[in-house]
Amino acid sequence: MERVVLITGANSGIGLALCERLLTEDSQLRLCLACRNMQRAEAARSALLTSHSNAHVDLLQLDVGSVQSVLSAAQEVKARYNRIDFLYLNAGIMPNPQLDLNAFFKGLFSRNVVRMFATAEGILTQQDRLNSDGLQEVFATNLFGHFLLIRELEPLLSRLVWTSSSNARRSAFSMEDMQHREGRESYSSSKYASDMLSLALNRQKNSQGLFSSVICPGLVMTNLTYGILPSFFWTLIMPVMWLIRIFTNTFTLTPHNGAEALHWLFLQNPESLDPRAKYHSLTSGLGTNYTQPRQMDIDEGTSDVLYSKLLELEKEVRRKQSEENADEEISAVK
């Protein structure tokens, strides 16, 4: 039976590397690349078909940061497919990253250099903003848009896989400020929230046959990573990073290596997986890729509260969307 895999943010980086690895694993797959930029999606599809000429690769326009786009894309998915075997929730943004250069260079020559690169703790902040739906942009893109997509496609789904981060930290998240309107670590907050949401989904949906997992790709050089520093900085420090990689397994560096855990989960029985674990892509000093589970710093009670609050926000967003659609229909009649 042909398996259907939908991947958000699939046109570059880890998402595209995952597509390549999945097609190598199973040439009979039907891949759906869900992307915001269709020109880049077309280029990604062409690249995949160059190396896998008989592959089945579909495209779907989806901006997970837009409620209307998510709802429209979900309707399109339900019209095309009668099931989605894997939904990889990979799309994410880190807008306007601000680097504390003093802390960065101090950490570069300290014994905490590996942790600094792996988590960006203490050196990286972001300036978030409201999107057209009145939601914080990072929260909407990295978490809520994916949550809404899951809710829309739930009858079709069996496996969810979230691309999280080592930057996901409890200290960055506040339940009273779920969207992180007041803070400056919106990326870390959203990733920690996705870790909690995955646990809550397992608690709520495992009995119905829906399973959720979380991965960390390690330190990978992607467009998101390169946006943190000017290009000449990366030119200067990349030799240092390759040297450090010999002594640590979290510096996966390439998208192919970073997609290791995503690919590994594709091969696993979901009932054998630990819902409280984050599955880390790791690369040895000799270049061997492997996956290792590590317990997440989350608890069931807080995860359930987050799930409930997201359901409440979903109702509010849907109500607002219905009102806007009604206003548009009235305007069209006039």
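Just so you know, the residues in each chain are numbered from 1, in the order the chain's sequence is written. Per-residue local features of the predicted model are confined to residues with pLDDT of at least 70, and side-chain atom pairs are confined, for both listing and counting, to 80 or more; whole-chain, interface and lining totals are unaffected and use all residues. Side-chain measures were taken over the full set of non-hydrogen atoms in the model, leaving aside hydrogen atoms and water.

If you check an unreviewed UniProt entry, the protein chain appears there as 3-keto-steroid reductase/17-beta-hydroxysteroid dehydrogenase 7 from Dissostichus eleginoides. Comment text from UniProt for the protein chain, heading Sequence similarities (unreviewed entry), reads "Belongs to the short-chain dehydrogenases/reductases (SDR) family. ERG27 subfamily." Of the protein chain, the UniProt comment under Subcellular location (unreviewed entry) reads exactly: "Endoplasmic reticulum membrane". UniProt positions are given in the numbering used here, feature names are shortened, and annotations may be inferred rather than shown by experiment.

Another aspect to go through is the overall build of the protein chain. Put simply, DSSP H or I for four residues or longer makes a helix, DSSP E for two residues or longer makes a strand, and each gets a number counted from the N terminus. Along its length, the protein chain carries 12 helices and 10 strands. Remark: exposure states derive from per-residue accessible area (1.4 Å probe, protein chains only) relative to the maximum for the residue type, with buried under 20%, exposed over 50%, and partly exposed in between. A burial count over the protein chain gives 54% of its 334 residues as buried. Note on contacts: a residue pair qualifies if any of its non-hydrogen atoms lie within 4.5 Å across the two residues. Looking at the protein chain alone, contacts between residues at least 24 apart form 73% of all its contacts between residues at least 6 apart. For the protein chain, the exposed surface amounts to about 15,200 Å²; the carbon and sulfur share of it is 50%. In these tables, accessible area is a Shrake-Rupley quantity obtained with a 1.4 Å probe, and a residue counts as shielded only by the protein chains included in the view.

A few words on the pattern of salt bridges. One speaks of a salt bridge when a side-chain nitrogen belonging to Lys or Arg is within 4 Å of a carboxyl oxygen belonging to Asp or Glu. If you walk through the whole model with that rule in mind, you get 19 salt bridges. A salt bridge links E76 to R80; the shortest N-O distance between them is 3.0 Å. With E76 and R80 both in helix α3 (residues 67–80) and four residues apart, the pair spans about one turn of that helix. We classify E76 as partly exposed; its relative accessible area is 35%. Linked by salt bridges that have partners in common, K78, R151, E152, E314 and R318 make up one network.

For a helix, the expected span equals 1.5 Å multiplied by the number of residues minus one. Between its first and last C-alpha, helix α1 (residues 13–25) extends 19 Å over 13 residues, near the 18 Å set by a 1.5 Å rise per residue. Taken as a whole, α1 has its buried residues at I14, G15, A17, L18, C19, R21, L22 and L23.

As a further point, take the packing of aromatic side chains. Within 6.5 Å between ring centres, the rings of Phe, Tyr and Trp (the latter by its six-membered ring) count as paired, and their orientation is classed by plane angle as stacked under 30 degrees, edge-to-face over 60, tilted in between. Inspection of the entire model under this criterion finds seven aromatic pairs. Look at F86 and F266: their rings are 5.0 Å apart centre to centre, the planes differ by 45°, and that puts the pair in the tilted class. With F86 in strand β4 (residues 86–89) and F266 in helix α11 (residues 260–266), this residue pair connects regions lying 180 residues apart in the sequence. An aromatic cluster of at least three residues, connected via ring pairs, comprises F139, F144, F147 and Y307.

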